[in-house]
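# Working through the structure, step by step
Each chain, written out:
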Amino acid sequence: MMTSGLVLAADTTKAEPVQAVAAATQAKAKTAQAAPVQQTYSLDLDTTKYEKKTMTVDGKKVAFRAYENRVYVAHPVDTTYQSMNIYVPEGYFKGKTINGYTAKTAPIFLPNTVGGYMPGAPGQPSENDRMTGGANAMLVALSKGYVVAAPGARGRTTQAADGTYTGKAPALIVDMKAAVRYLRHNAGKLPGDTEKIISNGTSAGGALSTLIGATGDSKDYEPYLKALGAADERDDIYASSVYCPITDLDHADMAYEWMFNGVNTYHQGNMGAMKPPAGNGQAKPAGVVTNRPDNAPVEAAAGTEMTAVQQQASKDLKAMYPAYINSLHLVDKNGKALTLDENGRGSFADYIKSIYMASAQKALDNGTDLSSKTWLTINDGKVTDMDLAGYAVDVTRLKAAPAFDALDMSSAETEEFGTATVDKQHFTVYGKDHSTIAGSALADKDIVKTMNPLNYIGNPASRRRITGVSATAKPTAIRPLPYRQSSPCVCSRPVMMSILPLPGPAAMPAITI
């Protein structure tokens, strides 16, 4: 039964109003979500309709029940995406314990299939993952005793029959919140603990997973949820697993150029194109880098020189980054301030270097030959220093400047911030002021706000901490779930983090995924 259990991560303190413009936000929501209501859907899950399925993971049979294509809002704009698939291990219906979990204590795994801010269909378990060739994350989760709830979500290209866009920001996060509310509305009807919902996603899907974890119960999204007829429930979750997330879009272009300024050739292949999935027999495409992870976008072997305009943008954006970093008043675990000087050097840069150096040391200790990495200083088997600029040259620049708010509006992100009637908009002042597209517009700041989880971390209504995925942290109540990448990704470089709940005064240890 989807039980409510103990509230380990919830804080139902109400968030502040949407910058005193609730009425305006309500109007925006109605405009963004407006569509003729063809049918009103019940929010009550019909548990009598399901299909029994069996799949194999590592040679072992996994039996489960499939409750598929369940619309999770009363007034959907697009039922293709505003629906979810729910999968429950068969053993729970027979009173069995799986991996230490029971029908009442089983966590709920909430993966999304979003990549590049495109619409994502409800996910399904698979024995042949497009990336690994083996079982995907959903099937592995079922084998470990998790209940799986896989919602679809609208994206930047979703359109109504009349041609209006219905999936622009913040539709993705609104849909995922509605899905969480649907699960809570139906608590007790199926196995699974609705106080242990754990989201998962990669790249833009990772950003979405981050948003779900950071924005729980925020009133900023309430008008949109009401317009869709979402259940009147909480939408905070227990934790998020997040892979190479694109999170701080407002400042991502600055961060990218702080790292890659001076590297004036880029290697981006076809936008969103992926390497051939594992074991599918496809020939490797010619002219592309082949030693990147399977979940990385296509990277052209030959670099393209950035234009003079792009190179100037790189210089401008790098110069803007120190002021932003310093405005955050960041400190390390010892309370030391992390700052940058006007040249982009300082304790923040040293902190970033320490992360790379620790990773390099781990690789070195495991026997990896790093002698070709001339940007590393290694003495007597110890990594003692590194050159960030040399690192940037070695890993290569994937995207031209600006990497996200492209001046010619060619990026996925500019399309994400369009409106019902405008396909693309800039979302940073720099992008708008330097746009090469006549008549380009700047996205509404309140909409941009809703797509950045950093605007919500620390909010009393959503107590969350962002931390690196730890190999040594020990989870309490939740057992580690082996991660198998199953979502498309258009990230520039793989980075991972997770969002952890702060249940009251004591923080939960990191959940190792």
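Residues numbered from 1 in each chain as written. Predicted model: local features only at pLDDT ≥ 70, side-chain atom pairs only at ≥ 80, totals over all residues. Heavy atoms only, no water.

In this section: the overall build of the chain. Counting its secondary structure elements, the chain contains 12 helices and 15 strands. Per-residue burial for the chain yields a buried fraction of 53% across its 513 residues. Of the contacts formed within the chain by residues at least 6 apart in sequence, a portion of 74% connects residues at least 24 apart. Taken as a whole, the chain presents about 21,900 Å² of accessible surface, with 52% of it coming from carbon and sulfur. (Helix = DSSP H or I, 4+ residues; strand = E, 2+ residues; numbered from the N terminus. Buried < 20%, exposed > 50% of the residue type's maximum accessible area, 1.4 Å probe, protein only. Contact = heavy atoms within 4.5 Å. Areas by Shrake-Rupley, 256 points an atom, 1.4 Å probe, with all protein chains shown as cover.)

Further remarks concern the packing of helix α6 (residues 249–260) against helix α9 (residues 388–395). Geometry of a packed helix pair, given as the angle between the helix axes and the separation of the axes. Two elements in contact, α6 and α9, have axes whose closest approach is 8 Å; the angle formed by their N-to-C orientations is 100 degrees. Considering their axes alone, α6 and α9 lie roughly perpendicular with respect to each other. Listed contacts from α9 to Trp258, Met259 and Phe260 of α6 are Leu388, Tyr391, Ala392 and Val395. Of the residues in the contact of α6 with α9, the class split is 7 nonpolar, no polar and no charged. (Axes fitted to C-alpha atoms, helices over the stretch in contact; angles between N-to-C directions. Parallel < 35°, antiparallel > 145°, perpendicular 65-115°, else oblique. Nonpolar A, V, L, I, M, F, W, Y, C, P; charged D, E, K, R; others polar.)

Examined bridge by bridge, strand β12 (residues 376–379) and strand β13 (residues 382–386) share 4 bridges and lie antiparallel to one another. Considered in β13, the bridge of Leu376 is made with Met386. Where β12 folds back on β13, the antiparallel hairpin that results is connected by 2 residues, among which Asp380 adopts a positive phi of roughly 50 degrees. (Pairing = 2+ DSSP bridges.)

Attention shifts here to α9. Three or more residues of α9 are buried, namely Leu388, Gly390, Tyr391, Ala392 and Val395. Lining the buried residues of α9 we find α6, β11 (299–305), α8 (347–365) and β13. The N-cap of α9, judged by a side-chain oxygen 3.2 Å from the amide nitrogen of Ala389 a few residues on, is Asp387. Two residues or fewer after α9 comes Thr396, characterised by a positive phi angle close to 70 degrees. (Polar contact = N/O pair within 3.5 Å; in protein donor to acceptor, adjacent residues only side chain to side chain.)

Look at α6 against helix α7 (residues 308–327): their axes get within 7 Å of each other, and the N-to-C directions meet at 105 degrees. Viewed along their axes, α6 and α7 adopt a mutual orientation that is roughly perpendicular. Packed against α6, whose contacting residues are His251, Asp253, Met254, Ala255, Glu257 and Trp258, the element α7 presents Ser314, Leu317, Lys318, Met320, Tyr321 and Tyr324 at the interface. The class makeup of the residues in the contact of α6 with α7 is 7 nonpolar, 2 polar and 3 charged.

The next thing to look at is the packing of aromatic side chains. For the coordinates displayed, the defined rule picks out 14 aromatic pairs. Ring plane angle 80 degrees and centroid distance 6.0 Å describe the contact between Tyr101 and Tyr146, whose orientation is recorded as edge-to-face. With Tyr101 in the loop between β4 (83–89) and β5 (108–111) and Tyr146 in the loop between α2 (137–143) and β6 (147–151), this residue pair connects regions lying 45 residues apart in the sequence. Taken individually, Tyr101 and Tyr146 each receive the classification buried, so the pair is uniform in this respect. The ring of Phe93 has Arg65 sitting right over it, with the charged end atom 3.8 Å from the ring centre. Positioned above the aromatic ring of Tyr238, the side-chain terminus of Lys196 is 5.4 Å from the ring centre. (Phe/Tyr/Trp six-rings, centres within 6.5 Å; stacked < 30°, edge-to-face > 60°. Lys NZ or Arg CZ within 6 Å of the ring centre and 35° of its normal.)

Further remarks concern the nonpolar core. Core analysis: the largest hydrophobic core is formed by 111 residues, its most contacted members being Ile86, Trp258 and Phe417. With 9 residues, the single largest contributor to this core is helix α3 (residues 171–185). Those residues in contact with Trp258 that sit more than four places away from it in its chain are Lys318, Tyr321, Leu340, Gly344, Phe348, Ala349, Ile352 and Leu388. (Core = buried A, V, L, I, M, F, W, Y, C linked by side-chain atoms within 4.5 Å.)

This brings us to the side chain of Thr428. Relative to the helices and strands, Thr428 is located in the loop between α10 (412–416) and α11 (429–433). If sequence neighbours within four positions are ignored, Thr428 has contacts with Leu249, Asp250, Asp405 and Leu442.

On to the environment of Lys168. Here Lys168 is to be found in the loop between β6 and α3. Residue class for Lys168 comes out buried when judged on its relative accessible area of 6%. In the structure, Lys168 is positioned 51 residues away from Tyr117 in sequence and 8.9 Å away in space, judged by C-alpha atoms. For Lys168, the residues in contact, after removing those within four places along its chain, are Gly155, Arg156, Glu415, Glu416, Gly418, Thr419, Val422 and Asp423. A polar contact of 2.8 Å, which involves the side chain of Lys168, links it to the backbone oxygen of Arg156.

Let us now look at α8. Each α-helix winds once per 3.6 residues, and so residues spaced three or four apart point in a common direction. The first and last C-alpha atoms of α8 sit 26 Å apart over 19 residues, in line with the 27 Å expected at 1.5 Å per residue. Turning to α8, its buried residues are Ser347, Phe348, Ala349, Ile352, Lys353, Met357, Ala360 and Gln361. Packing partners of the buried residues in α8 comprise α6, α7, β12, β13 and α9. Immediately beyond the C-terminal end of α8, within one or two residues, lies Gly367, with a positive phi of roughly 95 degrees. (Expected span 1.5 Å × (residues − 1).)

As a further point, take the confidence of the model for the chain. Confidence along the chain averages 83 in pLDDT terms, with 76% of residues attaining 70 or more. Below a pLDDT of 50 lies the segment residues 271–275, which in the model reaches 19 contacts outside its immediate sequence neighbourhood of four places, other chains included. pLDDT under 50 marks residues 464–513. Its contacts with residues more than four places away, or in other chains, come to 151 contacts. (pLDDT = per-residue confidence, 0-100.)

A few words on the environment of Pro453. The topology assignment puts Pro453 in the loop between α12 (445–450) and β14 (464–467). For the pair Pro453 and Ser209, spaced 244 residues apart in sequence, the C-alpha to C-alpha distance is 9.6 Å. Apart from the residues lying within four places of it in its own chain, the contact partners of Pro453 are Thr210, Leu211, Ala214 and Thr247.

Glancing now at the environment of Asp236. Looking at the secondary structure, you find Asp236 in the loop between α5 (222–228) and β9 (239–243). Of the residues examined, Asp236 reaches a relative accessible area of 1% and is grouped as buried. A C-alpha to C-alpha distance of 7.2 Å links Asp236 and Ile212, two positions 24 residues apart in sequence. In this structure the side chain of Asp236 is engaged in a polar contact, spanning 2.7 Å, whose partner is the side chain of Arg234.

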